[in-house]
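Working through the structure, step by step
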Amino acid sequence: MMGWSMALASTGAAALVTPLVRSAVNGGMDPLALLLARLSIAVVLLAATLALTQPSLLRMDRELAGRVALVGGIAGVEICCFFLSLAWIDSSMSAMLKSVQPLVVLLLLSLGGEALTRRHLLRLAVAAVGIYLLVGPSGLLSSMGLILTGLSILLYAIHLVLLQWRLLDYDPRTVTFYLLVVMTLVVALFWAVQGATWSDP
């Protein structure tokens, strides 16, 4: 029950993020500055929570550090692509495009040896037709927005699969904290390279 509750809460939170970010970006805020602020707040709150409740979870060995650096680096680039895409396409279109993400995860898992059934292939075909109907005939969507969203979908799927393959044996609270730290560093680097633009929220 706890796993299902967390998954549903995560889905609900993700559904709120997209329109809120799109609104802030339309209001003039730099997407990467917003993302950096968001991740920084998350890191501080999680660090304080772990330090007060179970400080031993903040310890990390060398093997975990290497795995977290890889997965967190991918996740950091993915979330940058997603937030930047919202400067070019609206949140409803972004949400529809991202709906194929579970299918991309299934394809990647099949490369790792997990079974890909006929039902999975049918879902993939239906999703491909749906995406074509959304973006193909109209030609009204920004190419840059589509590229960034596509990269976000692929990188998120890779990040999710690597979490299952490389980090499942570690405490999820430790993994989450250090993934957030690495993602924050990646976003800070992207933000600095793009000129470190800041506007008041």
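Residues numbered from 1 in each chain as written. Predicted model: local features only at pLDDT ≥ 70, side-chain atom pairs only at ≥ 80, totals over all residues. Heavy atoms only, no water.

Further remarks concern the packing of aromatic side chains. Per the stated rule, a full pass over the model turns up two aromatic pairs. Pairing F82 with F83 gives two aromatic rings, centres 6.0 Å apart and planes at 75 degrees, and the pair type is edge-to-face. Ring geometry for F177 versus Y178: centroids 4.8 Å apart, planes at 75 degrees, classification edge-to-face. In this structure Y178 comes out as buried when scored by relative accessible area, which is 16%. (Phe/Tyr/Trp six-rings, centres within 6.5 Å; stacked < 30°, edge-to-face > 60°. Buried < 20%, exposed > 50% of the residue type's maximum accessible area, 1.4 Å probe, protein only.)

Turning next to the confidence of the model for the protein chain. Chain-level statistics for the protein chain give a pLDDT mean of 86 and a share of 92% at 70 or above. Confidence scores differ between elements of the protein chain, with helix α4 (residues 91-98) showing the lowest mean pLDDT of 71 and helix α8 (residues 172-193) the highest of 96. (pLDDT = per-residue confidence, 0-100. Helix = DSSP H or I, 4+ residues; strand = E, 2+ residues; numbered from the N terminus.)

Within the fold, L148 resides in helix α7 (residues 143-166). In this structure L148 comes out as buried when scored by relative accessible area, which is 11%. With 139 residues separating them along the chain, L148 and A9 place their C-alpha atoms 26 Å apart. Setting aside residues no more than four positions away along its own chain, L148 makes contact with C81, L84, S85 and W88. (Contact = heavy atoms within 4.5 Å.)

The next thing to look at is the packing of helix α5 (residues 101-111) against α7. Helix packing for two helices is described by the angle between their axes and how far apart those axes are. Packing of α5 against α7 leaves a shortest axis separation of 9 Å and a crossing angle of 50 degrees. Here α5 lies oblique to α7, going by the angle between them. Judged by the twist between their axes, the crossing of α5 over α7 is right-handed. Contacts from Q101, V104, V105, L108 and L109 in α5 reach S152, I153, L154, Y156, A157, I158, L160, V161, Q164 and W165 in α7. Residue composition of the contact of α5 with α7, grouped by class: 12 nonpolar, three polar and no charged. (Axes fitted to C-alpha atoms, helices over the stretch in contact; angles between N-to-C directions. Parallel < 35°, antiparallel > 145°, perpendicular 65-115°, else oblique. Left-handed = near helix turned anticlockwise from the far one by under 90°. Nonpolar A, V, L, I, M, F, W, Y, C, P; charged D, E, K, R; others polar.)

Before going further, it helps to spend a moment on the pattern of salt bridges. Pairing of side chains with opposite charge becomes possible as their charged atoms draw close. A full pass over the atoms with the stated rule returns two salt bridges. In this structure, the salt-bridge partner of E63 is R67, at a minimum N-O distance of 2.6 Å. Pair noted here: E63 and R67 are both in helix α3 (residues 62-85), with a separation of four residues, about one helical turn. You can call R67 partly exposed: its relative accessible area is 25%. A salt bridge links D171 to R173; the shortest N-O distance between them is 2.8 Å. Accessibility expressed as a relative area gives 25% for D171, which makes it partly exposed. The partly exposed category is assigned to R173, whose relative accessible area is 39%. (Salt bridge = Lys/Arg side-chain N within 4 Å of Asp/Glu carboxyl O.)

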